[in-house]
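Breakdown of the fold
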Amino acid sequence: GSFSRLWKYDGSTWTDYFIPGEIQALTSFGGELIVGGQFSPPGLPVNQVIARWNGTQWKLLGNLHGQMVHSLTEFHGELIAGGLFLGFESTSAGSVARWNGNSWQTTGQLLQGQRIDCLYSYNDRLIAGGALDLPSGGGFNGTGMSQWDGSNWSLIASNNNSDAWVSCALEYEGNLVVGGAISRLDGRNAYGIMRRVGSTWAAFPTGFSSTVYTMSE
């Protein structure tokens, strides 16, 4: 049978939200808990990719649909959702959509690909990581990530000299650090993790032989 994928902890006890399905991402926005994945919250139609919890009940968040929401973050005061084959109404959003508080919008150019696994705001840019295609439709983006300045998507490393699937990102000591299945980035050998120092990608003294899925400072 179905079982819940979402629980909360009050400091002493775990409580079940009773939500069957798959939960991929959590964040807060507008004073509410935002949940992404593909799941069926109580009182809502089944197989939602995103929903909000106001502390007492589940509510829809616009009409975003698709296969799965894998990542959530806030950028320039908007909620950003990344995933797989997202859209709203009859509009395709590619792999990234943004919620302005009233409605879902695209990010201009459609960022296509398998899926977006991570979204991270860094240096006034939105970093999107995963396995994705170039916004121009020019084929596979081997860097595994792109950056958005609020208007346009662009590469953040050389596409021809990279072999990466970026699944997580954070800022550490002022530098952007990315992790995932990364063997080569911007012409430099990598072992699951790389950092961007100024305009140059650099490896750490040691790395990992397996995929890095998450990081925290």
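The rules behind these values
- Residues numbered from 1 in each chain as written.
- Predicted model: local features only at pLDDT ≥ 70, side-chain atom pairs only at ≥ 80, totals over all residues.
- Heavy atoms only, no water.
- Helix = DSSP H or I, 4+ residues; strand = E, 2+ residues; numbered from the N terminus.
- Rg over C-alpha atoms; globule rule 2.2 N^0.38 Å.
- Buried < 20%, exposed > 50% of the residue type's maximum accessible area, 1.4 Å probe, protein only.
- Contact = heavy atoms within 4.5 Å.
- Areas by Shrake-Rupley, 256 points an atom, 1.4 Å probe, with all protein chains shown as cover.
- Lys, Arg positive; Asp, Glu negative; His and termini not counted.
- Charge placed at Lys NZ, Arg CZ, Asp CG, Glu CD.
- Pairing = 2+ DSSP bridges.
- Axes fitted to C-alpha atoms, helices over the stretch in contact; angles between N-to-C directions.
- Core = buried A, V, L, I, M, F, W, Y, C linked by side-chain atoms within 4.5 Å.
- Phe/Tyr/Trp six-rings, centres within 6.5 Å; stacked < 30°, edge-to-face > 60°.

With that settled, the discussion passes to the overall build of the protein. Along the protein, the regular secondary structure elements total zero helices and 21 strands. On C-alpha atoms alone, the protein measures out to a radius of gyration of 18 Å, which is about the 17 Å that the 2.2 N^0.38 rule sets for 217 residues. With the principal axes as the frame, the protein shows a C-alpha extent of 50 × 45 × 35 Å. For the protein, buried positions account for 46% of its 217 residues. Across the protein, the fraction of contacts at a sequence separation of at least 24, relative to all contacts at a separation of at least 6, is 32%. Just so you have it, the protein exposes about 10600 Å², and 46% of that area is on carbon and sulfur atoms. One way to put it: in the protein the 11 positive side-chain charges average out to a point 2 Å from where the 16 negative ones average out.

Moving on, we get to the sheet that holds strand E5 (residues 48-53). The strands that make up a sheet are held in pairs by hydrogen bonds between backbone atoms, and each pair lies either parallel or antiparallel. Read across the open sheet, the four strands follow the order E3-E4-E5-E6; overall the sheet is antiparallel. Across the chains shown, the open sheet's two edge strands, defined by having one partner strand only, are strand E3 (21-29) and strand E6 (58-60). Each strand axis lies, on average, 30° off the axis of its neighbour in the sheet, ignoring direction. Sheet analysis places E3 next to strand E4 (residues 32-39), joined by eight bridges and oriented antiparallel. Considered in E4, the bridge of Glu22 is made with Gln38.

Our next topic: the side chain of Gln147. Along the chain, Gln147 falls in strand E15 (residues 145-148). What Gln147 contacts, discounting residues up to four positions off in sequence, is Arg125, Leu126, Ile127, Asn152, Trp153, Ser154, Leu155 and Ile156.

For the rest of this paragraph, the subject is the nonpolar core. By size, the foremost hydrophobic cluster in this structure holds 17 residues, and its most contacted members are Ile50, Leu64, Leu72, Leu79 and Trp104. Listed by contribution, the elements that provide at least two residues to this core are E3, E5, strand E8 (68-75), strand E9 (78-88) and strand E10 (91-99). Among the elements that take part in this core, E9 stands out by supplying four residues, more than any other. Ignoring any residue separated from it by four or fewer positions in sequence, one finds Leu72 in contact with Ala25, Leu26, Thr27, Ile34, Val35, Gly36, Ile50, Leu79, Ile80, Ala81 and Leu119. With 16 residues, the next largest nonpolar core counts Cys118, Ile156, Ala190 and Trp201 among its residues.

Per the counting criterion, the structure on display carries seven aromatic pairs. When the ring of Tyr9 is compared with that of Trp14, the centres are 4.9 Å apart and the planes differ by 35°; the resulting orientation is tilted. Judged by relative accessible area, Trp14 falls into the exposed class, the value being 54%. Ring geometry for Tyr17 versus Trp53: centroids 5.4 Å apart, planes at 85°, classification edge-to-face. A residue pair is termed long-range when its members are at least 10 positions apart, and Tyr17 in the loop between strand E2 (14-16) and E3 and Trp53 in strand E5 qualify at 36 residues. For Trp53, a relative accessible area of 15% puts it in the buried group. Three or more aromatic residues link up through ring pairs in this structure, and these residues are Tyr17, Trp53 and Trp58.

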